[in-house]
Amino acid sequence: MAYTVALTGATGFIGSVLRRHLTRAGVPLRALSRQRDGFEDGTEWVRGTLEDEDALARLVAGADAVIHCAGAVRGAAPGHFERVNVDGSLRLIEAARNGGRCERFLLLSSLAARHPHLSWYARSKFEAERRVGQAAGEIAVTVFRPTAVYGPGDREMRPIFEWLLRGWLFTPGQDGARLSLLHVEDLACAVRKWLESPQAPAATYELNDCQPDGYDWNSIAAIAAEIRGNPVRRIRVPMPLLKGLAQANLLVSRLSGRAPMLTPAKVGELTHPDWSCSNEAVRQALGWEPRIVLQNALREHWF
Ligand SMILES: NC(=O)c1ccc[n+]([C@@H]2O[C@H](COP(=O)([O-])OP(=O)(O)OC[C@H]3O[C@@H](n4cnc5c(N)ncnc54)[C@H](OP(=O)(O)O)[C@@H]3O)[C@@H](O)[C@H]2O)c1
């Protein structure tokens, strides 16, 4: 196990679950936050941002491992994703190199990086992987590309699951589209496996919940129908309507100053026909197996 771990994104959906896992396991943790500082909840908080080189230097000072989970997942312009996801990641790996002690760096990327042309977000995650790899020097960089992550605290999948259990499934894109999912607790277990592995592999891994070939919309509807004991109605959202909603959402967000999730640039990602992936490489490298399947998560309301 590597000791003294620096974590970014610890106040977000995935990062807060990760932080709880690591502190429960007794890992000495230092976490970057835009709001918090001092010692609290078993964590040494460093107040700062990915734009603040001094804060990043304090965050990684003496850290053996860095887990980079901060990122922009919403935004109204490509420059926002680039500044946070690409420039921010680059600043962090440079701080880790200058710190002189960091041996391993985990970059939480996304399955979206597989297709950089699909969205502003996808491009920024792809570029972050590329640039961090180039700047890493002696540090072993492991890239995790999780698929859509869900679980308590998530804002994106939760409404979809709530509607699903009420008997409605709204679906974008083609009928035969395949998607995959991953519960946040399983992702946190994968990160722990990475920390505990004697040597961090300098490699890129895709992660999902082990559902072979992912899900299609009909199989998701069937799972929910079985749990409800009643049918689920599937409503196909036509492409022109989806694009219109995305355009309207972008305008509203620009007026209100809120970062939007659904934008015209995101539509390509949402309607991509194949987001299935395999855990085989990460299973072999780290011995990680996910445990939570969608059926149980929906039945037990683990989202
Ligand atoms: N959710 C998914 O389905 C999913 C799937 C694959 C990959 N990922 C990746 O996982 C990571 C975390 O995603 P999430 O869903 O947990 O997102 P989230 O809930 O929006 O959390 C993002 C985190 O990043 C921090 N952050 C953003 N900009 C920052 C900046 N400039 N300086 C410092 N901290 C900053 C946020 O801090 P504040 O709390 O201060 O805003 C927050 O802690 C991201 O890199 C994302 O690309 C997510």
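As the structure is a prediction and not an experimental result, all values here were calculated from the model. (Residues numbered from 1 in each chain as written. Predicted model: local features only at pLDDT ≥ 70, side-chain atom pairs only at ≥ 80, totals over all residues. Heavy atoms only, no water.)

Here the focus is the overall build of the protein chain. Check the secondary structure of the protein chain and you find eleven helices and twelve strands. In summary, the protein chain has a C-alpha radius of gyration of 19 Å against a globular reference of 19 Å for 303 residues, a match within 12%. The principal-axis extent of the C-alpha atoms belonging to the protein chain is close to 55 × 40 × 35 Å. Counting across all 303 residues of the protein chain, residues that qualify as buried make up 51%. Within the protein chain, contacts between residues separated by at least 24 positions form 75% of all contacts whose residues are at least 6 apart in sequence. When the accessible surface of the protein chain is split by element, carbon and sulfur atoms take 51% of a total near 13,900 Å². Charged side chains of the protein chain number 37 positive and 33 negative; the gap between the two group centres comes to 4 Å. (Helix = DSSP H or I, 4+ residues; strand = E, 2+ residues; numbered from the N terminus. Rg over C-alpha atoms; globule rule 2.2 N^0.38 Å. Buried < 20%, exposed > 50% of the residue type's maximum accessible area, 1.4 Å probe, protein only. Contact = heavy atoms within 4.5 Å. Areas by Shrake-Rupley, 256 points an atom, 1.4 Å probe, with all protein chains shown as cover. Lys, Arg positive; Asp, Glu negative; His and termini not counted. Charge placed at Lys NZ, Arg CZ, Asp CG, Glu CD.)

Right, let's get into the sheet that holds strand β2 (residues 29-33). One open sheet accounts for eight strands, arranged β3-β4-β2-β1-β5-β6-β7-β11; its pairing is mixed. A strand with exactly one partner marks an edge of an open sheet, and here the two such strands are β3 (38-40) and β11 (204-207). Neighbour-to-neighbour, the strand axes of the sheet open up by a mean angle of 20 degrees, direction not taken into account. Of the strand pairs in this sheet, strand β7 (residues 140-146) and β11 are connected by four bridges, and their pairing is parallel. Each bridged residue has a counterpart across the sheet, and for R145 the counterpart in β11 is E206. Here helix α2 (residues 53-60) sits on the sheet in contact with β1 (5-8), β2, β4 (43-47) and β5 (65-68), set at roughly 165 degrees to β2. (Pairing = 2+ DSSP bridges. Axes fitted to C-alpha atoms, helices over the stretch in contact; angles between N-to-C directions.)

Another aspect to go through is a nonpolar patch on the surface. Together, W163, W168, F170 and I235 make up a nonpolar patch on the protein surface, roughly 360 Å² of accessible area in all. Mapped onto the secondary structure, F170 falls in strand β9 (residues 168-171). (Patch = residues over 30% accessible without salt bridge, like charges linked within 9 Å, V, L, I, M, F, W, Y side chains within 5 Å. Salt bridge = Lys/Arg side-chain N within 4 Å of Asp/Glu carboxyl O.)

On to the nonpolar core, then. In this structure, L59, V66, I93 and F105 are the most contacted members of the largest nonpolar core, which totals 35 residues. Secondary-structure elements contributing two or more residues to this core are α2, α3 (78-99), β6 (104-108), α4 (120-135) and β7. Of the residues forming this core, the biggest block, seven residues, is contributed by α3. With residues up to four places along the chain from it excluded, the contact list for V66 reads A6, V60, L92, A96, C102, R104, F105, L106 and W194. Core analysis: the second largest hydrophobic core is formed by 34 residues, L7, A10, V17 and Y205 among them. (Core = buried A, V, L, I, M, F, W, Y, C linked by side-chain atoms within 4.5 Å.)

Positive phi, close to 60 degrees, is recorded for D213, a residue that is not glycine. Here the phi dihedral of H301 falls at roughly 55 degrees; this positive angle occurs in a residue that is not glycine. Counting through the fold element by element, H301 comes out in the segment after α11 (294-299).

Here we come to the site of the ligand. Near the ligand, the surroundings consist of 25 residues, among which T11, I14, R34, Y121 and K125 are the closest. Y121 has a polar side-chain atom sitting 2.6 Å from an oxygen atom of the ligand. Contact between the ligand and K125: an oxygen atom at 2.8 Å from a side-chain N or O atom of the residue. Coverage of the ligand by the protein amounts to 85% of the 910 Å² it exposes when considered alone. Elements with a minimum of two residues in the shell around the ligand: α1 (13-24), α4 and β8 (148-150). Residues belonging to the shell around the ligand are distributed by class as follows: twelve nonpolar, nine polar and four charged. (Near = heavy atom within 4 Å. Polar contact = N/O pair within 3.5 Å; in protein donor to acceptor, adjacent residues only side chain to side chain. Nonpolar A, V, L, I, M, F, W, Y, C, P; charged D, E, K, R; others polar.)

With 22 residues, α3 extends 31 Å between its outermost C-alpha atoms, agreeing within 8% with the 32 Å of an ideal straight helix rising 1.5 Å per residue. The largest bend along α3 measures about 25 degrees and falls at G88. Of all the positions in α3, only F81, V84, N85, V86, G88, S89, L90, L92, I93, A95 and A96 are classed as buried. After α3 finishes, the residue G100 shows a positive phi value of roughly 80 degrees. (Expected span 1.5 Å × (residues − 1). Bend = angle between axes of the 7 residues up to and from the residue.)

Taken from the UniProt record, the annotation "domain: NAD-dependent epimerase/dehydratase" (unreviewed entry) applies to residues 6-201. The annotated region residues 6-201 carries 41% helix and 21% strand content, and the separation between its end C-alpha atoms amounts to 18 Å. (UniProt positions renumbered as here; feature names shortened; annotations may be inferred.)

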